[in-house]
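Results of the structural survey
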Amino acid sequence: KSVVSRPSQKNSPTAPRFSSGVWGGLSRTAKSKTKPTVPLLDSQIRALTRPLGDLAVALNVLKRDLGANWGNTAVLAMTEFGRTARENGTGGTDHGTGGLMVMAGGAVRGGRVYGDWPGLAEENLYAGRDLMPLTDVRSYAGAAIAGQFGVPKRALEDVIFPGLRIEKMPGILL
């Protein structure tokens, strides 16, 4: 079940929230006890269709309701883990290192894919089954925070995201 809610005065003065309860079971297994194994990609597409549609609706509602303020807005939707590129023993995938994020808003330099793609060849996988982590997803969140609020790089690395080292600030904002 996906939910878009408007904040009340007491819990947040600024932003609507979006959450989806579907993500937790995604792709842990692609097998059924009564059916043969479902191809992994097909099961993931089915599992993602509704929550991604709900996210699109939430972003469109936010854009509509913000009006002209959308031009100054950056929205980042991310997860703290990805999924492995190789199946596990039950035909699904496990928590992995590589992931993705969706960025939206009038302040975001859109129309492109950010980051590098190592590919799925065996020699490019981490531990032989996972996407090779190339860029810490926190660097993109840090770039948005720095650009929107003027937070210095050192504060991002030492206080907000301890342990993060931003080699080059991603240019995600206009």
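Since this is a predicted model, take the numbers as computed values, not measurements.

The next thing to look at is the overall build of the chain. For the chain, the helix and strand inventory stands at three helices and eight strands. Mapped from its N terminus to its C terminus, the chain presents α and β elements in the order β-β-α-β-β-β-β-β-β-α-α. In the chain, of all internal contacts separated by at least 6 residues, the share reaching a separation of at least 24 is 57%. Put simply, the chain shows about 11,300 Å² of open surface, and 57% of that area lies on carbon and sulfur atoms.

Further remarks concern the pattern of salt bridges. Pairing of side chains with opposite charge becomes possible as their charged atoms draw close. Applying the stated criterion across every chain, the model contains eight salt bridges. The partner of Glu122 in a salt bridge is Arg86, and the shortest N-O contact between them spans 3.2 Å. Taken together, the residues span a long stretch of sequence, with Glu122 in the loop between strand 6 (101–104) and strand 7 (125–126) and Arg86 in the loop between strand 4 (82–83) and strand 5 (95–96) at a distance of 36 residues. Arg138 is paired through a salt bridge with Asp136; the nearest N and O atoms lie 2.6 Å apart. A single salt-bridge network, built from bridges that share partners, covers Arg154, Glu157, Asp158 and Arg165.

On to the nonpolar core. Membership of the largest hydrophobic core is limited to eight residues, which are Met101, Ala107, Val108, Tyr140, Ala143, Ala144, Ile172 and Leu173. At three residues, helix 2 (residues 137–149) tops the list of elements feeding residues into this core. Not counting the four nearest positions on each side in its chain, Ala107 is found in contact with Trp70, Gly71, Asn72, Thr73, Ala74, Gln148, Ile172, Leu173 and Leu174.

Within the secondary structure layout, Ser139 lies in helix 2. At a separation of 2.7 Å, a polar atom in the side chain of Ser139 contacts the main-chain carbonyl oxygen of Asp136. Apart from the residues lying within four places of it in its own chain, the contact partners of Ser139 are Leu164, Ile166 and Pro170.

What follows deals with the environment of Leu156. In this structure, Leu156 sits in helix 3 (residues 153–160). With 13 residues separating them along the chain, Leu156 and Ala143 place their C-alpha atoms 8.9 Å apart. In this structure Leu156 touches Gly142, Ile145, Ala146, Val151, Phe161, Ile166 and Met169, once residues within four positions along its chain are discounted.

Here we take up the environment of Gly92. As for its placement among the helices and strands, Gly92 is situated in the loop between strand 4 and strand 5. C-alpha of Gly92 to C-alpha of Ser43: the two residues are 49 residues apart in sequence and 9.0 Å apart in space.

Turning to the confidence of the model for the chain, a few remarks are in order. For the chain, per-residue confidence averages 80 on the pLDDT scale, and 76% of positions sit at 70 or higher. Helix 3 holds the highest mean pLDDT among the elements of the chain, 96, whereas strand 1 (residues 2–5) holds the lowest, 44. Of the regions scoring below 50 in pLDDT, residues 1–37 engages in 68 contacts with residues more than four places distant in sequence or in other chains.

Attention shifts here to unusual backbone geometry. Phi is positive for Ala127, close to 55°, though the residue is something other than glycine. Tracing the backbone shows Ala127 in the loop between strand 7 and strand 8 (130–131).

Okay, the environment of Thr79 next. Mapped onto the elements, Thr79 comes out in the loop between strand 3 (75–78) and strand 4. Residues Thr79 and Val137 lie 58 residues apart in sequence; the distance between their C-alpha atoms is 9.1 Å. In this structure the side chain of Thr79 is engaged in a polar contact, spanning 3.3 Å, whose partner is the backbone oxygen of Phe81.

Right, let's get into helix 2. Between the first and last C-alpha of helix 2 there are 19 Å, a value that for 13 residues agrees with the 18 Å anticipated at 1.5 Å per step. All buried positions along helix 2 are accounted for by Ser139, Tyr140, Ala141, Gly142, Ala143, Ala144 and Ala146. In this structure, the buried side of helix 2 is in contact with strand 3, strand 6 and helix 3. Where helix 2 terminates, the next one or two residues include Gly150, which has phi positive at roughly 70°.

The rules we used
Residues numbered from 1 in each chain as written. Predicted model: local features only at pLDDT ≥ 70, side-chain atom pairs only at ≥ 80, totals over all residues. Heavy atoms only, no water. Helix = DSSP H or I, 4+ residues; strand = E, 2+ residues; numbered from the N terminus. Contact = heavy atoms within 4.5 Å. Areas by Shrake-Rupley, 256 points an atom, 1.4 Å probe, with all protein chains shown as cover. Salt bridge = Lys/Arg side-chain N within 4 Å of Asp/Glu carboxyl O. Core = buried A, V, L, I, M, F, W, Y, C linked by side-chain atoms within 4.5 Å. Buried < 20%, exposed > 50% of the residue type's maximum accessible area, 1.4 Å probe, protein only. Polar contact = N/O pair within 3.5 Å; in protein donor to acceptor, adjacent residues only side chain to side chain. pLDDT = per-residue confidence, 0-100. Expected span 1.5 Å × (residues − 1).

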